[in-house]
Amino acid sequence: MGLQQFERRLERLVEGVFAKAFRGGLQPVELGRRLTREMDAKRTVGVRGMLAPNAFVIALAEEDRKRFESFEEALIRELADAGREHARTEGYHFVGPITVQLETDPSLTSGMFLLSGTVQEGEGPVGSLVLADGNRVAVGEDPVTIGRLPECDIVLGDTKVSRRHAEVRRDGGDVVVVDLGSTNGTKVNGAGVRERRLADGDEITVGTTTLRFEAS
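Here the structure is a predicted model, which means the values were calculated and not measured.

Caption draft 1: View of the overall build of the chain. The helix and strand inventory of the chain stands at four helices and 17 strands. Accessible surface for the chain amounts to roughly 11,500 Å². Of this, 46% is attributable to carbon and sulfur atoms.

Caption draft 2: Examining helix α2 (residues 28–41) more closely. Taking 1.5 Å per residue, 14 residues should reach 20 Å; α2 reaches 21 Å between its end C-alpha atoms and fits that length. Regarding α2, the residues found buried are Pro28, Val29, Leu31, Gly32, Leu35, Thr36, Glu38 and Met39.

Caption draft 3: Examining the pairing of strand β11 (residues 166–171) more closely. One ladder, built from three bridges, connects strand β9 (residues 144–147) with β11; its direction is antiparallel. In the sheet register, threonine 145 faces β11, and the bridge partner there is glutamate 167. Two strands pair when backbone bridges link them, and β11 and strand β12 (residues 174–179) are joined in this way by six bridges, in the antiparallel orientation. Residue arginine 169 lies in a different strand from β12, and its bridge partner there is valine 176. In textbook terms, the turn of a hairpin is the stretch between consecutive antiparallel strands, and for β11 and β12 this stretch comprises two residues, one of which, glycine 172, has a positive phi near 65°.

Caption draft 4: Spotlight on the sheet that holds strand β10 (residues 154–155). Within the open sheet, the five strands sit side by side as β10-β9-β11-β12-β15. Their pairing is mixed. Each of the sheet's edge strands pairs with one partner strand only, and the pair in question is β10 and β15 (195–197).

Caption draft 5: Looking closely at the pattern of salt bridges. Counted according to the given criterion, the structure contains 14 salt bridges. One continuous salt-bridge network, built from bridges that share partners, spans Asp81, Arg84, Glu85, Arg88, Arg136, Asp200, Arg212 and Glu214.

Caption draft 6: Spatial organisation of unusual backbone geometry. Non-glycine residue asparagine 189 carries a positive phi angle of around 55°. Secondary-structure assignment places asparagine 189 in the loop between β13 (186–188) and β14 (191–193). Accessibility expressed as a relative area gives 45% for asparagine 189, which makes it partly exposed.

Caption draft 7: Representation of the pairing of strand β3 (residues 55–60) in the model. Within β3, five of the six residues are buried, which leaves it mostly tucked inside the rest of the structure. In the sheet, β3 pairs with strand β5 (residues 99–104) via six bridges, with the strands oriented parallel. Each residue of the ladder has a partner; that of phenylalanine 56, found in β5, is valine 100. Direction of pairing for β3 relative to strand β6 (residues 113–118): antiparallel, over a ladder of six bridges.

Caption draft 8: The arrangement of the confidence of the model for the chain in detail. Looking at the chain as a whole, the pLDDT averages 86, with 87% of positions reaching at least 70. Residue range residues 16–21 is modelled with pLDDT below 50. Its contacts to residues more than four positions away, or to other chains, number four contacts.

Caption draft 9: Representation of the packing of α2 against helix α4 (residues 72–90). The N-to-C vectors of α2 and α4 enclose an angle of 40°; their axes lie 10 Å apart at closest approach. Relative to α4, α2 is oriented so that their crossing is right-handed. Residues Pro28, Leu31, Gly32, Leu35, Thr36, Met39 and Asp40 of α2 touch α4, and the partners they reach there are Leu75, Leu79, Ala82, Gly83, His86, Ala87 and Glu90.

Caption draft 10: Structural view of α4. Here α4 contains 19 residues, and its C-alpha end-to-end distance of 27 Å stays within 8% of the 27 Å for a straight helix at 1.5 Å per residue. Glycine 91 occupies a position one or two residues after α4 and carries a positive phi of about 80°.

Caption draft 11: Examining the side chain of threonine 145 more closely. Along the chain, the position of threonine 145 falls in strand β9. Discounting chain neighbours no more than four positions away, the residues touching threonine 145 are Glu151, Cys152, Asp153, Ile154, Arg164, Ala166 and Glu167.

Caption draft 12: Spatial organisation of the environment of isoleucine 146. One can find isoleucine 146 in strand β9. Sequence separation of isoleucine 146 and serine 162 is 16 residues, and the distance between their C-alpha atoms is 8.8 Å. Residues in contact with isoleucine 146, not counting those within four places in the same chain, are Leu129, Cys152, Ile154, Leu156, Arg164, His165, Ala166, Val168, Val206 and Leu211.

Caption draft 13: Representation of the environment of isoleucine 204 within the structure. Looking at where isoleucine 204 falls in the secondary structure, it is placed in strand β16 (residues 203–206). According to the relative accessible area criterion, isoleucine 204 is buried, its value standing at 0%. Separated by 11 residues in the primary sequence, isoleucine 204 and valine 193 place their C-alpha atoms 9.8 Å from one another. Filtering out sequence-adjacent residues up to four positions away, isoleucine 204 remains in contact with Leu129, Val168, Val177, Thr186, Lys187, Val188, Leu198, Thr209, Thr210 and Leu211.

Quick notes on the rules
Residues numbered from 1 in each chain as written. Predicted model: local features only at pLDDT ≥ 70, side-chain atom pairs only at ≥ 80, totals over all residues. Heavy atoms only, no water. Helix = DSSP H or I, 4+ residues; strand = E, 2+ residues; numbered from the N terminus. Areas by Shrake-Rupley, 256 points an atom, 1.4 Å probe, with all protein chains shown as cover. Expected span 1.5 Å × (residues − 1). Buried < 20%, exposed > 50% of the residue type's maximum accessible area, 1.4 Å probe, protein only. Pairing = 2+ DSSP bridges. Salt bridge = Lys/Arg side-chain N within 4 Å of Asp/Glu carboxyl O. pLDDT = per-residue confidence, 0-100. Contact = heavy atoms within 4.5 Å. Axes fitted to C-alpha atoms, helices over the stretch in contact; angles between N-to-C directions. Left-handed = near helix turned anticlockwise from the far one by under 90°.

Structure below.
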């Protein structure tokens, strides 16, 4: 379950020098739990299934905001990942990228927070490629090229990968992967493809490297 992975990552995030600061007061994992509950509470029926909120604003007390300050960017990434994992588990869809914004509310006392989630439409299809190291490459208006050439968007030092091996691009309302005549071919979920529309969670294999497509 994605939320359990989120909890374990946060435990590592606040260990060491941050451990004392989180023995009491608001725990970061509480934000993740509340975010997923907000998705469940505000889900609606859309054209392609259940539609969930994707834009979240979290208001924190000044003291808690300061405690989170040293790893705020990492926390925001983890919260967004928790939302994506929860959506995948529950079969939810988004109309735009997941965004998480932290704000300070002077009226709140330590341990209190407010979280609101809304459905916020993005421009064009939503999607990104997740690399083995966890980094993400967004699929924008321009195709994302994969290969060994330095000018590719995703450069792989893999001898089984062609110089320009494949590309991932938008096609109307979809995102597709296209093999560019590579020597060893491109696979999606283990099956060889020339061109394939991608669904959330699909795994693209080029050479010995696997990338995951996430539609959020």
